[in-house]
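A look at the structure
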Amino acid sequence: MNALKSQLVTDAVEEIIRQAQTKLPPDVVEGLVVARDTETDKTATAQLDAILENIFIADDRAIPMCQDTGILVFFVEIGRDACIVLDLDWAIREGVKQATNSVPLRPNAVEPLTRLNSGDNTGDGLPDINYSFKDGKDITITVAPKGAGSENMSAFTMLKPSQVGSVKDFVVETVQKAGGMPCPPIIVGVGIGGSFDKSARLAKRSLLRNLGDMDEYELELLEAINSLGIGPMGLGGRTTALAVHVEKAHCHTASLPVAVNIQCWANRHASVTLDAGHDLTHLSEQYKTMHHLTEQHSNKHHLVEQHLNEHHLAERHMNKHQLAERHMNKHQLAEQHSNKHQLAEQHMAGKNVPHHLTTPLTQDDIMELQAGDIVYLSGTIYTARDEAHLRILELTDGGKPLPFDLEGAVLYHCGPLMQKNKGGWRTVAAGPTTSARMTDMTLKVLENYNVRAIIGKGGMKNIAPVLEDRCVYLAYTGGCAALAVDMIKDVRDVHWLDLGMPEAVWVLEVENFGPLIVGVDAKGRDLYEEVSGLALK
């Protein structure tokens, strides 16, 4: 019997990471297409259009669809008759290192206390490798990159055995609190039972299932979540979640652990099955149809007609899973949404003529903007995440000047994926990060600098009073990092690279960067708070 060789496994891991980062499984694309087809809210439709175009660009150019290439989570199924004479952990780690350079991946792995970046997406406990066993001699390796925006919205509780009826409430409440931060439409993984750690592992593993594979309990949860009206990117709409997957395990008679692991719309995963001595011919074939699912969308944006006529996705979805019929007939979600959430008309007011602005911005520029308006930006913008904000404030408190000018500036909550070249740097992917993390630092930044616009995703709680008469919050579709690349014309400079690639301040020259939705205007209106308030009702 031949044995698997280390380099074979390493190369296979590198390849499935590339597949997962650049192509979505067809069931996920199909779910997004159906969501786009059935959406009635114009803002939500625009978000879904951007997502689908981003998927096509990433697939067509073989670049990561999101700049947050995540931490790498692996599920390894080992055949009981497999002949393994290598260190699988080592081979998988080497595959991660290779992929970091070749795909490329953003270096995301940091020591938890010092925050020092390993630079290659490995470290103590990373990648996260989970082993299980199966019949036969094959070894199946699945990678599921997990970004922080959705991971940070996950939740856990230990319910009492008498609180079985509260499981549904906890799941829905978790999604309601998350709002637009995890880049909806989301996939919700739920683990019920087991132990403290077992329930979380069940929830994460459930995200690998086919989107349409839902039972009655899961469909009830999906209906309850979508009735919240949070919608794509938290700006309102009928599709907050594409699927809910529940995995269960027997638990102690005195406990009821429940974990919720939220996944963003980019439910990335890919697998390879290897037999001893074989090459990569067993790489999953599921992505070969991906290009056909998205290519027509990029041509003229006639997404719905083309997909319904040429691919019959909606019909297949209805026949196979009967989700639309069950929701429409049994629960009347469409009617609930139209009665409860009159957001389409509110959001679209004033959107007929998009605003084209050039940086630096003036106060007059931003005071003309209303919540729901569409904006396109040209000029210079500055990326700034958690560590950059902290350093800005440290220098300010110390009376020291910044190495860049924030007068009339636009701050982009973004940790881009960059690649060094002979001319300097090129942008590989540059979508928005979760703005909520910067909420507490924003007031002090605005008190000291005339920043006029912040670009991000998910909004910031209670930020409207802070921005009033000073600044606007512009929402860019979360996860659409490949789409952003064409609008970034140059990387003019970079500051504070010692903080690491994601945390450095990148000075970007952009042209018609957008569409950006005014999520919070300078007059006190916050679309995220409005949607959240309706969801609570």
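So, a few notes on the structure that sits alongside this text. Values in this document were obtained by computation on a predicted structure and should not be read as measured data.

Scanning the chain from N- to C-terminus turns up 20 helices and 17 strands. Burial statistics for the chain: of 537 residues in total, 60% are counted as buried. Taking all contacts inside the chain whose residues are at least 6 apart in sequence as the whole, residues at least 24 apart take part in 77%. When the accessible surface of the chain is split by element, carbon and sulfur atoms take 49% of a total near 21,600 Å².

Further remarks concern the packing of helix α2 (residues 26-38) against helix α3 (residues 42-61). Contact geometry for α2 and α3: axes closest at 9 Å, N-to-C directions at 150°. The angle between α2 and α3 places the two elements in the roughly antiparallel class. For the element pair α2 and α3, the recorded crossing hand is left-handed. Where α2 approaches α3, its residues Val29, Leu32, Val33, Ala35 and Arg36 are matched on the opposing element by Thr45, Leu48, Asp49, Ile51, Leu52 and Ile55. Classifying every residue of the contact of α2 with α3 gives eight nonpolar, one polar and two charged.

Take the pattern of salt bridges next. Following the criterion strictly, the structure yields 21 salt bridges and no others. For the salt bridge of Asp213 with Arg209, the shortest nitrogen-to-oxygen distance reads 3.6 Å. On the accessibility criterion, Asp213 (43% relative accessible area) is partly exposed. A relative accessible area of 17% means that Arg209 is categorised as buried. With a shortest N-O distance of 2.9 Å, Arg437 and Asp386 are connected by a salt bridge.

The subject of this paragraph is the sheet that holds strand β1 (residues 71-79). Strands sit in the order β2-β1-β3-β8 across an open sheet of four strands; the sheet is mixed. In this open sheet, the two edge strands, each paired with only one partner strand, are β2 (128-134) and β8 (270-274). When strand polarity is set aside, the average angle formed by the axes of neighbouring strands in this sheet is 15°. Alignment of β1 against β2, held across seven bridges, turns out to be parallel. Its bridge partner being in β2, Phe74 is matched across the sheet by Ile129. Contacting β1, β2 and β3 (139-146), helix α7 (residues 196-206) crosses the sheet at an angle of about 90° to β1.

Bringing a nonpolar patch on the surface into the picture now. A grouping of Phe156, Met158 and Phe196 is seen on the molecular surface, where their side chains present a nonpolar patch of about 310 Å² in accessible area. Within the element layout of this structure, Phe196 appears in helix α7.

Quick look at helix α17 (residues 439-448) now. Regarding α17, the residues found buried are Thr439, Met441, Thr442, Val445 and Leu446. For α17, the buried positions fall inside an angular range of 135° around the axis, keeping them on one side. Along α17, exposed side chains directed more than 90 degrees from the buried face belong to Asp440 and Glu447. Elements in contact with the buried residues of α17: α16 (386-397), β11 (410-412), β14 (453-456) and α18 (464-467).

This part is about the packing of aromatic side chains. Inspection of every chain in the model, using the stated rule, returns seven aromatic pairs. On the numbers, 5.5 Å between centres and 70° between planes, the contact of Tyr412 with Phe513 is edge-to-face. One end of the pair, Tyr412, is in strand β11; the other, Phe513, is in strand β17 (residues 505-520), with 101 residues separating them in the sequence. One exposure class covers both Tyr412 and Phe513, and it is buried.

Moving on, we get to the pairing of strand β5 (residues 186-193). Here is the key point about a regular strand: its side chains alternate between the two faces of the sheet. For β5, a buried count of eight out of eight residues is recorded, marking the element as mostly surrounded by other parts of the structure. Two strands pair when backbone bridges link them, and β5 and strand β6 (residues 241-249) are joined in this way by eight bridges, in the parallel orientation. The residue of β6 that forms the bridge with Gly193 is Ala249. Pairing of β5 with strand β7 (residues 256-263), which is carried by six bridges, proceeds in the antiparallel orientation. Following the sheet pairing, Val188 is matched in β7 by Ile262.

What follows is about the environment of Leu406. By the secondary structure assignment, Leu406 is in the loop between α16 and β11. When the C-alpha positions of Leu406 and Tyr382 are compared, they lie 8.7 Å apart, and in sequence the two are 24 residues distant. For Leu406, the residues in contact, after removing those within four places along its chain, are Tyr382, Ile392, Leu411, Tyr449, Asn450 and Val451.

Procedures and definitions
Residues numbered from 1 in each chain as written. Predicted model: local features only at pLDDT ≥ 70, side-chain atom pairs only at ≥ 80, totals over all residues. Heavy atoms only, no water. Helix = DSSP H or I, 4+ residues; strand = E, 2+ residues; numbered from the N terminus. Buried < 20%, exposed > 50% of the residue type's maximum accessible area, 1.4 Å probe, protein only. Contact = heavy atoms within 4.5 Å. Areas by Shrake-Rupley, 256 points an atom, 1.4 Å probe, with all protein chains shown as cover. Axes fitted to C-alpha atoms, helices over the stretch in contact; angles between N-to-C directions. Parallel < 35°, antiparallel > 145°, perpendicular 65-115°, else oblique. Left-handed = near helix turned anticlockwise from the far one by under 90°. Nonpolar A, V, L, I, M, F, W, Y, C, P; charged D, E, K, R; others polar. Salt bridge = Lys/Arg side-chain N within 4 Å of Asp/Glu carboxyl O. Pairing = 2+ DSSP bridges. Patch = residues over 30% accessible without salt bridge, like charges linked within 9 Å, V, L, I, M, F, W, Y side chains within 5 Å. Arc of directions from axis to C-beta. Phe/Tyr/Trp six-rings, centres within 6.5 Å; stacked < 30°, edge-to-face > 60°.

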